[in-house]
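Here are the chains, one letter per residue:
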Amino acid sequence: MKISVQSIGLTPHAPLEEHIDKKLGKLENYYDKIVECKVFLKVENKSDKENKTAEIILAVPGEDIVVKKTSASFEESLDQCAEVAKKLLIKKKELA
């Protein structure tokens, strides 16, 4: 699975990229037909601390899976996205 990261208004540091690879690489264990994974990282223009948004688009046969979460850190947002994506992939595999 190819993972591409696009960040809007920031440059992801190495530990964040490792976190992305580690978390999203595990998704293949739940559904092996993932073609590509696109990650979008963005800092929202909000005054509160929860302004780090991560969006994951998983290209799979049929409809793509899109998950978007916002929290206080990119790692936390990615963890939440990965958890939801995992559940959606398991459901997709069961229906296949």
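You'll find the structure just up there.
Overview of the structure. (Residues numbered from 1 in each chain as written. Predicted model: local features only at pLDDT ≥ 70, side-chain atom pairs only at ≥ 80, totals over all residues. Heavy atoms only, no water.)

### Some remarks on the packing of helix α1 (residues 14-25) against helix α2 (residues 74-95)
For the record, the criterion: The angle between two axes is taken between their N-to-C directions and runs from 0 to 180 degrees, where each axis is a line fitted to C-alpha atoms and a helix contributes only its stretch in contact. A helix here means a DSSP run of H or I that spans at least four residues, while a strand means a run of E at least two residues long, and both kinds are numbered starting from the N terminus. Geometric relationships in this document are graded by angle, where less than 35 degrees denotes roughly parallel, more than 145 denotes roughly antiparallel, 65 to 115 denotes roughly perpendicular, and other angles denote oblique. Should any heavy atoms of two residues lie within 4.5 Å, those residues are considered in contact. Note that Gly is not counted as nonpolar here; it falls among the polar residues with everything else outside the nonpolar set of Ala, Val, Leu, Ile, Met, Phe, Trp, Tyr, Cys and Pro and the charged set of Asp, Glu, Lys and Arg.
Axis separation between α1 and α2 bottoms out at 10 Å; the angle between their running directions is 10 degrees. As far as their axial angle goes, α2 and α1 are roughly parallel. Residue-level inspection shows L16, H19, I20, K23 and L24 of α1 in contact with α2, the latter providing F74, E75, L78, D79 and A82. When the residues that make up the contact of α1 with α2 are grouped by side-chain class, the tally is six nonpolar, one polar and three charged.

### Re α2
In an α-helix, one full turn covers 3.6 residues, which means residues spaced three or four apart are oriented alike. Here is the rule: Under the convention used throughout, the expected extent of a helix is 1.5 Å for every residue step, that is, one less than its residue count. In this scheme, a residue with accessible area under 20% of its type's maximum is buried, one over 50% is exposed, and one in between is partly exposed, where area comes from a 1.4 Å probe on protein chains only. By arc we mean the arc of the directions from the helix axis to the C-beta atoms, nothing more.
Compared with an ideal rise of 1.5 Å per residue, which puts 22 residues at 32 Å, α2 spans 31 Å between its outermost C-alpha atoms and is within 8% of the ideal. Among the residues making up α2, those that are buried are F74, S77, L78, C81, A82, A85 and L89. Take α2 and look down its axis: the buried residues cluster within an arc of 130 degrees, on one side only. Turned more than 90 degrees off the buried face of α2, the exposed positions are K87 and E94. Packing partners of the buried residues in α2 comprise α1, β2 (36-43), β3 (52-59) and β4 (65-71).

### Quick notes on the sheet that holds β2
To keep it simple, the criterion reads: DSSP bridges decide pairing: two strands pair if at least two such bridges lie between them.
Spatial ordering of the open sheet is given by β1-β2-β3-β4, a layout of four strands whose pairing is mixed. At either end of the open sheet lies a strand with only one pairing partner, and these are β1 (2-8) and β4. Between one strand and the next, the sheet's axes are offset by a mean angle of 15 degrees, whatever the strand orientation. Strand direction decides the pairing type here: β2 and β3, joined by eight bridges, are antiparallel. From the neighbouring strand, K42 faces β3, where its bridge partner is T53. Docked against the sheet, α2 engages β2, β3 and β4, running at close to 150 degrees with respect to β4.

### Section: the pairing of β3
Here β3 runs beside β4; their pairing, made up of seven bridges, is antiparallel. In the strand pairing of β4, T53 is matched with T70. Here β3 folds back onto β4 in antiparallel fashion, the turn holding five residues, of which G62 has a positive phi close to 95 degrees.

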